[in-house]
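A look at the structure
What follows is the residue order along each chain.
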Amino acid sequence: HFTWSPGQIKKVFKTILETLKKIDPENAAEYQNNAEAYLNQLEKKISQWHRLLEPYAGRKIVTFHNSWSYFFKDFNLQSGGYIEPKPGISPSPQHLKELIDRINADQTQIIFKEIYFNADSTRLLSAKTKAKVINVPSYVEAIPDTDTYIQMMDYLVEQLVSYWKKS
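Everything numeric in this text was worked out from a predicted model, so none of it was measured.

Examined against the element boundaries, Arg123 turns out to sit in helix 5 (residues 120–129). Residue class for Arg123 comes out exposed when judged on its relative accessible area of 54%. Sequence separation of Arg123 and Tyr163 is 40 residues, and the distance between their C-alpha atoms is 17 Å.

See the structure below:
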């Protein structure tokens, strides 16, 4: 789940770069140049994402389980609760009732649904709370126009900002 953190993805990227340079030293300069260009682009995007999300600091988002903590930490957002009480465990009617009450009490406006999860629980929660369900990609290319990490994060940030601006 750490890949939802742009700060963490930079560390992963740098580790991959160093590994490539070790296993293919003949092309190390090219790897280094490409990495520097990408990391510069990523840094600019991270600054942009922070500026866009800053007005919404502290807002809560409901997720299926605790898979968004890195993203929330990076962008000063909060968990509004989890649909699955434990990863892979379907929510009981009692758990859903408690979550509905919590969403309404906290005025949580967004529910993240990774594309591979069943939509039944999110539809129910949305209907009972008026929170909007945002289908989120779980990996690059999971939905149209998310062919790169930056495009995937752009999509996610744009979905959040677009909804919160309207509300």
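On to the pattern of salt bridges. Inspection of every chain in the model, using the stated rule, returns seven salt bridges. Of the charged contacts in the structure, one is a salt bridge between Lys45 and Asp154, with a shortest N-O distance of 3.0 Å. With a gap of 109 residues between them, Lys45 in helix 2 (residues 28–53) and Asp154 in helix 6 (residues 149–166) connect regions that are remote in the sequence. Assessed through its relative accessible area of 17%, Lys45 is described here as buried. When its relative accessible area of 16% is taken as the criterion, Asp154 is described as buried.

Turning to helix 6, a few remarks are in order. In this model helix 6 runs 26 Å from its N-terminal to its C-terminal C-alpha over 18 residues, within 8% of the 26 Å that 1.5 Å per residue would give. For helix 6, every residue scored as buried is listed here: Tyr149, Ile150, Met152, Met153, Asp154, Leu156, Val157, Leu160, Val161, Tyr163 and Trp164. Looking at the buried residues of helix 6, the elements they touch are helix 1 (6–23), helix 2, strand 1 (60–63), helix 3 (69–74), strand 3 (110–114) and strand 4 (132–136).

Before going further, it helps to spend a moment on the sheet that holds strand 1. Pairing between the strands of a sheet is mediated by backbone hydrogen bonds and can be parallel or antiparallel. In space, the four strands of this open sheet follow the order 2-1-3-4, with parallel pairing throughout. Every other strand in the sheet has two partners, leaving strand 2 (78–82) and strand 4 as the edge strands with one partner each. Between one strand and the next, the sheet's axes are offset by a mean angle of 30 degrees, whatever the strand orientation. Looking at chain direction, strand 3 and strand 4 are connected through five bridges and run parallel. Paired with Phe112 across the two strands is Ile134, which belongs to strand 4. Contacts from helix 4 (residues 93–106) reach strand 1 and strand 2, with the element oriented near 150 degrees to strand 2. Along the sheet, helix 5 contacts strand 3 and strand 4; its crossing angle with strand 3, the most-contacted strand, is approximately 170 degrees.

Criteria and cut-off values
- Residues numbered from 1 in each chain as written.
- Predicted model: local features only at pLDDT ≥ 70, side-chain atom pairs only at ≥ 80, totals over all residues.
- Heavy atoms only, no water.
- Helix = DSSP H or I, 4+ residues; strand = E, 2+ residues; numbered from the N terminus.
- Buried < 20%, exposed > 50% of the residue type's maximum accessible area, 1.4 Å probe, protein only.
- Salt bridge = Lys/Arg side-chain N within 4 Å of Asp/Glu carboxyl O.
- Expected span 1.5 Å × (residues − 1).
- Contact = heavy atoms within 4.5 Å.
- Pairing = 2+ DSSP bridges.
- Axes fitted to C-alpha atoms, helices over the stretch in contact; angles between N-to-C directions.

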